[in-house]
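Inside the fold
Okay, here's what each chain looks like letter by letter:
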Amino acid sequence: MSKHVVNPDLCTACTVCVAHCPVAEVVREYRGPKLSGPASERLRLLSPQDDASLDFCSNCKNCDISCPSGVPISTLNMKARAKMWEGKPEPQGRKMMAHGEQMGKLLARFPGAASIVNLGMGLGKSLGMMDMVGISSKAPLPSYASTTFYKQFKSFKQKSFDKKVVFYPGCTINFNQPEIGMDVVKVLQANGYEVLVDEEFVCCGSPLVVGGYLGEANENARKNTSLMNKWRAKGYPVITACTSCGLMLKQEYQELFHHEGMDKNAENIYDIMEFLSMLDDEDKLNTNFGQVNDTMLYHAPCHLRAQGMGLPALDVLSLIPGYRIENAAAGCCGMSGSYGMQANKREISLKVGEKLFNRIRQAGVKSVVSDCGTCRLQIGDGAKVQAIHPVQIVARAYAAK
Amino acid sequence: MEKVTAIVIGGGATGVGILRDLAMRGVDAMLIEQRDLAHGTSSRYHGLLHSGARYAVKDAEAGRECIEENTILRRIGRHCVEATEGFFVRTVEDPEDFEAKWVEGCKNCGISAVQISVEEALRLEPNLSPKIKAVYRVPDAAIDGFRMVWQNVASARRYGAKVRTYTEVVRINSTNGQVTGVTVRDYFTGQEYQIACDFVISAVGSWAGELAAKAGLQVGVQPDKGTLIAFNHRIASRVINRLHQASDGDIFVPHGSITILGTTSMAADKADDTEPSVEEVKKLLNIGRVLFENIDDYRILRAFTGTRPLYSADPNAKGRGASRGFVTLDHAHDGLKGFISIVGGKFTTYRLMAEKAVDMVCEYLGNKTPCRTAEEDIVEDPSEALMGRAKKFFPVHGASLAASRLGAEGLSRVVDKLEKQPSSRQLVCECENVTLAEVEEAAADPTSFTLSDVRRKTRMGMGTCQGAFCTYRTVGTMVANDLTNGQDSKELLKDFIEARWKGIRHVLWGNAIRETELTRGIYEGTLNVNGAMKK
């Protein structure tokens, strides 16, 4: 049987997933992953009915992580939810959040448009217009960068190396935080890799899946898979720096779709920190770090933990002289992609994140490190600290030398 | 001494059908059942409401009876029948020449059999083997044996009938060749007592020979053992039959949340020989694999066995060759007036069988009230308003499941409780969406003595976890509400888990063994029900 197979029959009803569900812990109305996932899956075969409970699932994957039987519970929820929403009116906010890539591409075509939109979103929030379409006016929204990653990359002079990797920036890095993508490039260069990009790549599809647009997500999967097949044939690994993109490309594609090569591509895709940690294991990591005198807390994104790769950021960052980092180990931040940005989920999202926010406050740090863009937004807003990607620290350490 | 006009013996489909019919015609009647309602064959079969197509070639009369009763039950029994329709599928292994005979047979019986393309069939039922050769649609349906029995009793009670479960017949009493009553024994206390009556109607299926012997008579019923497998989910949304001469393991029925595959057929020594075997399970899987190639990937919940009552005037006729038709025997001809046995037949024709038996009683009584069991719904539809109230508390699928289990009256009581007592909204059985309020409703019924009785009324414990979680929750509820009838709570736990184990131990591989280990951990470990761990 293949690794990522969706088989609700495997569920023993052991309820471990309910004990690990951060949403069920704070919302009594949510009946928890066991019931909305595998238990209801049997009943959905009997009669498809609307299940309001499905809307509570944040797709954070803690159920999948905890399941001792290997049931991809959250994926069952996402599939059932998409089916439930099929043919019904689409709330504007859900549509917008699922299609962030379209907005990003549109803005990228017009100089200065990003800052106008950022201003507009701020204005919209203060006027309550976002709430009207279902997006929380209290949630931190990603702001758009004036120059996309792809544009910045083009004007960056790289050293040429024999060893090459393909960097898949994903929407967040390309449109919102290109500086992280540039640090990825610099860090890879410092390790003797030439970085290629492929502008043919499209959004991984993760926001489309949670928005119920499985058909569109499938199209994206088809496109990305065929491009990944091409790069794999050349022997170039693919690097991601967004844990939700990584999870989608490596794992959720196989749970949701059927395209030739997905399983083999999964073995050729690495998160940037996973890649660096692997180099270190092989004694190939450039450890010529300068001093970084700082103390930070690390938050492991759920979508990173779902990939079962350990905590490579901690492994790598602990090599930097003067730098101290500790694992917060405080569970889900509550944001889970766009979940915490929804008007009717903001409160739930903040309740989920409370443990983490308290942990950060108690630690008294000014900066928190996390591999996921929306985790960073949530941490910045919930704990009022700076939140950065681990590769930014690595880049700083190389620069300090 | 208690006195009723007619005593019906046997709480299966036929017995409850007779009770309802008697009560609706104004005859004072009581039903006696040795264990719980639907304890025997009526819950140990595949849950198929035959269209009659299975009998179209070999037994046209049975085929015609089936389609008539099927049409009636789909109307009056909406709350226990799911009109799934059925496929007859000719596979690579089925002889081609049977097909034309079968099509002709269906036509003769008045059974609609419409051929569809293999592509269309695979679109509708994607799990079917792509190697299938020909497919016909027929009006088969699924019927829930427990609910059907339970709902007939609810209807009979509304007309004044009485029901006594866990009451065994010791003797049929008579004076001068006329029935005067029965001597019965309380299963729990062992106490014997008499009930007077003018008529005894034996509707005990496979037990008919044993019961007749208690009146010193002989009835030629051969119990025939059939084993079935229950799968964890729906493999198909329709009944799937093999298009060949009726044989073992050739029917899959979507039954509520599960699928049932059956059955085997072999002569049994006794009516209560209901122990399945691993060999039978393997045999069924081997046959089933022709229709569903991936059958080994589907989780088996349990195997179970029932005995069919095959009647033959010749007591030596055995197996599938014996008639599946039914006979109403007036034992006045054997020298005992007032004793009637109804034997043979099948679940699908239970109502017709009941009608014939009650006609016979009414003839004696001079009761001219016509039979109305084919016209009146067994239970009423719950109103939209009631369903709206129910949906506030049940998980999404729970409201309609509960409505079909409880009928309008029962649902109304349960919803009242859900509204007034928030604690009763808790799900006791998550696999089958059973709330605490519903468990309490079932446990409080006078026919509920054990946890298995509650299970049969609610489906609690019959889903994926097979009682792992709902058992201790329900026992807790029964203890808290004083519904244990003085039974030890530890014994209640053990009895229920043992009853589940009976069906699991013959399918102990794959997911079932993982589930069993979890259950064992909960009951033997955490709850220490066997006392293995000393303080």
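Residues numbered from 1 in each chain as written. Chains lettered and ligands numbered in written order. Predicted model: local features only at pLDDT ≥ 70, side-chain atom pairs only at ≥ 80, totals over all residues. Heavy atoms only, no water.

Moving on to the pairing of strand β22 (residues 339-344) of chain B. Along a regular strand, successive side chains alternate from one face of the sheet to the other. Residues and elements named next belong to chain B. Across the 6 residues of β22, 6 count as buried, placing the element largely inside the fold. Judged from the 5 bridges that link them, strand β21 (residues 326-330) and β22 form a sheet pairing that is antiparallel. Among the inter-strand pairings, L329 is bridged to a residue of β22, identified as S341. (Buried < 20%, exposed > 50% of the residue type's maximum accessible area, 1.4 Å probe, protein only. Helix = DSSP H or I, 4+ residues; strand = E, 2+ residues; numbered from the N terminus. Pairing = 2+ DSSP bridges.)

All right, on to the sheet that holds strand β5 (residues 81-82) of chain B then. All names here are of chain B. Spatially, β4-β9-β5 is the arrangement adopted by the 3 strands of the open sheet, whose pairing is antiparallel. Edge positions in the sheet fall to β4 (48-49) and β5, since each has one partner strand and no second. Bridge count between β5 and strand β9 (residues 141-143): 2 bridges; the pairing is antiparallel. Residue E82 lies in a different strand from β9, and its bridge partner there is A142.

All names here are of chain A. Interhelical geometry of helix α12 (residues 178-190) versus helix α22 (residues 390-399) gives an angle of 50 degrees and a closest axis separation of 9 Å. Put simply, α12 runs oblique to α22. Of the two elements, α12 crosses α22, and the hand of that crossing is left-handed. Along its contact with α12, which presents E179, I180, D183, V184, V187 and A190, the element α22 presents V391, Q392, V394, A395 and Y398. The class makeup of the residues in the contact of α12 with α22 is 8 nonpolar, 1 polar and 2 charged. (Axes fitted to C-alpha atoms, helices over the stretch in contact; angles between N-to-C directions. Parallel < 35°, antiparallel > 145°, perpendicular 65-115°, else oblique. Left-handed = near helix turned anticlockwise from the far one by under 90°. Contact = heavy atoms within 4.5 Å. Nonpolar A, V, L, I, M, F, W, Y, C, P; charged D, E, K, R; others polar.)

Residue and element names in this part refer to chain B. Taken as a whole and assessed by the stated rule, the structure comprises 61 salt bridges over all chains. A salt bridge links D381 to R78; its shortest N-O distance comes to 2.8 Å. With a gap of 303 residues between them, D381 in the loop between α8 (350-365) and α9 (384-391) and R78 in the loop between α2 (60-76) and β5 connect regions that are remote in the sequence. Accessibility expressed as a relative area gives 34% for R78, which makes it partly exposed. The residue E99 makes a salt bridge to R90 at a minimum N-O spacing of 2.5 Å. Overlapping salt bridges, with partners in common, bring together R35, E168, R185 and E192 in one network. (Salt bridge = Lys/Arg side-chain N within 4 Å of Asp/Glu carboxyl O.)

All names here are of chain A. In this structure, the largest pocket spans a volume of roughly 1600 Å³. With 7 residues, the top contributor of residues to the lining of the largest pocket is helix α5 (residues 73-85). Here the lining of the largest pocket is composed, by residue class, of 23 nonpolar, 13 polar and 14 charged. (1 Å grid on protein atoms, 1.4 Å probe; cavity = no way out; pocket = protein on both sides within 12 Å on 5 of 7 lines; lining within 4 Å. Points joined across faces, edges and corners; volume = space filled by probe spheres on them.)

Here the focus is the nonpolar core. One broad rule of soluble globular proteins: the nonpolar side chains tend to lie buried together. Residues A:L188, A:I272, A:L276, A:Y323, A:V369 and A:V394 are the most contacted members of the largest nonpolar core, which totals 85 residues. Discounting residues that sit within four places of it in the chain, A:L276 has contacts with A:V187, A:N191, A:L285, A:V316 and A:V394. Within the second largest apolar cluster, 48 residues are counted, among which are B:V8, B:L73, B:A203 and B:M353. (Core = buried A, V, L, I, M, F, W, Y, C linked by side-chain atoms within 4.5 Å.)

This paragraph deals with the packing of aromatic side chains. For any pair of aromatic rings, geometry is given as the distance between the ring centres together with the angle between the planes. In the structure shown here, the tally under the stated rule is 22 aromatic pairs over all chains. On the numbers, 6.0 Å between centres and 50 degrees between planes, the contact of A:F149 with A:Y150 is tilted. You can call A:F149 buried: its relative accessible area is 0%. Judged by its relative accessible area of 10%, A:Y150 falls in the buried class. Ring centres of B:F199 and B:Y364 lie 6.0 Å apart, and the angle between their planes is 45 degrees; on these two criteria the pair is classed as tilted. Of this pair, B:F199 sits in strand β14 (residues 199-202) while B:Y364 sits in helix α8, and the two are 165 residues apart along the sequence. (Phe/Tyr/Trp six-rings, centres within 6.5 Å; stacked < 30°, edge-to-face > 60°.)

We now examine the domain arrangement of chain B. Residues and elements named next belong to chain B. According to the domain assignment, chain B contains domain 1 (2-40 + 146-220 + 323-365), domain 2 (81-141 + 223-308) and domain 3 (384-526). Using C-alpha coordinates to define each centre, domain 2 is positioned 29 Å away from domain 3. Opposite the 16 residues of domain 2 that make contact, domain 3 presents 18 residues. Carbon and sulfur atoms make up 48% of the area that domain 2 and domain 3 hide from each other, which totals about 1400 Å². Together, R299, L301 and R302 form the three largest contributors to the area buried by domain 2 at its contact with domain 3, with a combined 42%. Counting across the interface, domain 2 meets domain 3 through 2 salt bridges. (Domains from an automatic or database assignment. Buried area = accessible area lost by both parts, 1.4 Å probe.)

Moving on, we come to the sheet that holds strand β2 (residues 194-197) of chain A. Residues and elements named next belong to chain A. Reading across the sheet, the 4 strands line up as β2-β1-β3-β4 and stay open at both edges, with parallel pairing between neighbours. Edge positions in the sheet fall to β2 and β4 (269-271), since each has one partner strand and no second. Taken pair by pair, the neighbouring strands of this sheet meet at an average axis angle of 40 degrees, ignoring direction. Inspection of the sheet shows strand β1 (residues 164-168) paired to strand β3 (residues 238-240) by 3 bridges, in the parallel sense. Bridge pairing in β3 places Y168 opposite T240. This element, helix α14 (residues 214-234), spans β1, β2, β3 and β4 of the sheet and lies at about 170 degrees to β1.

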